[in-house]
Amino acid sequence: MLRIATANVNGIRAAHRRGLGDWLASRGADVIALQEVRAQAAALPERAFGDFHVALDTGTLPGRNGVAVLTRRPPAAVRTWGGAALLGSADGLLVPVAAPDRVPLARGLERFVAEGRYLEVDLSDVPLTIASLYLPKGGLPAHLQRPERMREAPDGGARYARKMQFLDGFARQLTRTRRAAQADGREYLLMGDLNIAHTPQDLAAWRRNQQTDGFLPEEREWFGQQLSPRTLVDVVRSLHPEQDGPYSWWSWLGRAFAEDRGWRIDYHLATPRLARSAVRTIVDREVAGERLSDHSPVVVDYAWP
């Protein structure tokens, strides 16, 4: 059995204050993908990644983004879009390592290479490539922006355009990377915060959010285009085809968490053979009665290889 988890920690220092260390030690995961680490190497808390080996791309934007993949054994290979990463083990020492891309970066992704949004590793003990992704949140197109309904100032659709550029480039990159793993005899698993709820089952209040970023028709259409029985499978949805949720993000405001009015935006997207081996999934809503962040870890057990 291979237990694999993904978690947007929304700041690893804050997550550790809420119990991330205990969760890392007790959850029994073999591999964990993290997003929004939000700390440069010098600012990481002590034993930030517990007893795991870690491959980390912090990006260059202080206090923003940052992705990692934690493994029980040192990875066989590490790749990031920027061509470099940090590697560390349980002793807490992080060292830079060259991590050249296996395939050329798709057009349109160049502006994102330094942001710490994507990292992938080849596991050393099983034929599997695992990736951690933090996809841009985006915003609304200009014609949907109403200042009285927005928390942020209208931007003329700039954040929306940026996200759509990312989606366009990442679709090509995802195909290349999946095929590269296949050519190397490896399954491929993409995990992370995709900032898109794909279907009405993935969003509690979907009717009133049809003009909300993260649930726009064009975002949902893009998501659907990445999935098929021959390419990538939404693992949690395949295990829970009729269930609303299980949600993985809830606003800190009001009673959204208590009433389970959330979004499912944290995913396991796996190549078909790996997806068929998934036997159970659980969302760790709380750890010792406390939320680790506004997201909760999504854990899947795979009866594989």
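For the structure given in this document, a descriptive report is provided here. It should be emphasised that the depicted structure is a prediction, and the values quoted were computed from it without experimental measurement. (Residues numbered from 1 in each chain as written. Predicted model: local features only at pLDDT ≥ 70, side-chain atom pairs only at ≥ 80, totals over all residues. Heavy atoms only, no water.)

## A look at the sheet that holds strand E9 (residues 128-134)
At step 1: Spatially, the six strands line up as an open sheet ordered E5-E8-E9-E10-E12-E11, and their pairing is mixed. Each edge of the sheet is formed by a strand with only one pairing partner; in this case those strands are strand E5 (77-80) and strand E11 (233-234).
At step 2: As judged from the two bridges shared by E11 and strand E12 (residues 266-270), these two strands associate in the antiparallel manner. Across the sheet, the residue bridging to Val-233 is Ala-270, located in E12.
At step 3: Contacting strand E8 (118-122), E9 and strand E10 (187-193), helix H3 (residues 158-183) crosses the sheet at an angle of about 150 degrees to E10. (Pairing = 2+ DSSP bridges. Helix = DSSP H or I, 4+ residues; strand = E, 2+ residues; numbered from the N terminus. Contact = heavy atoms within 4.5 Å. Axes fitted to C-alpha atoms, helices over the stretch in contact; angles between N-to-C directions.)

## Here's the deal with the packing of aromatic side chains
To describe a pair of aromatic rings, one takes the distance between the centres and the angle between the planes.
At step 1: Within the structure shown, the criterion is met by nine aromatic pairs.
At step 2: Plain terms: the ring middles of Trp-81 and Tyr-118 are 5.0 Å apart, the flat faces sit at 10 degrees to each other, and that makes the pair stacked. With Trp-81 in the loop between E5 and strand E6 (84-88) and Tyr-118 in strand E8, this pair connects stretches of sequence that are 37 residues apart.
At step 3: For Tyr-118, a relative accessible area of 3% translates into the label buried. (Phe/Tyr/Trp six-rings, centres within 6.5 Å; stacked < 30°, edge-to-face > 60°. Buried < 20%, exposed > 50% of the residue type's maximum accessible area, 1.4 Å probe, protein only.)

## What about the nonpolar core?
At step 1: Core analysis: the biggest nonpolar cluster contains 33 residues, and Ile-4, Leu-119, Val-121, Leu-128, Ile-130, Leu-189 and Tyr-302 have the highest contact counts within it.
At step 2: Those residues in contact with Ile-130 that lie beyond four places of it in its chain are Ile-4, Val-31, Val-69, Leu-119, Glu-120, Val-121, Leu-123, Leu-189 and Met-191. (Core = buried A, V, L, I, M, F, W, Y, C linked by side-chain atoms within 4.5 Å.)

## Structural notes on the pattern of salt bridges
At step 1: In the structure shown here, the tally under the stated rule is 22 salt bridges.
At step 2: Here Arg-186 ties to Asp-184 by a salt bridge, and the two come within 3.5 Å at their closest N and O atoms.
At step 3: Take Asp-184: its relative accessible area is 45%, and that puts it in the partly exposed class.
At step 4: Residues Arg-285 and Asp-260 are paired through a salt bridge, measuring 3.2 Å at the closest nitrogen-oxygen approach. With Arg-285 in the loop between strand E13 (278-283) and strand E14 (298-302) and Asp-260 in the loop between helix H5 (235-239) and E12, the pair connects residues that are 25 residues apart, well separated along the chain.
At step 5: Since its relative accessible area comes to 34%, Asp-260 is described here as partly exposed.
At step 6: The network of salt bridges with shared partners includes Arg-79, Glu-120, Asp-122, Asp-184 and Arg-186. (Salt bridge = Lys/Arg side-chain N within 4 Å of Asp/Glu carboxyl O.)

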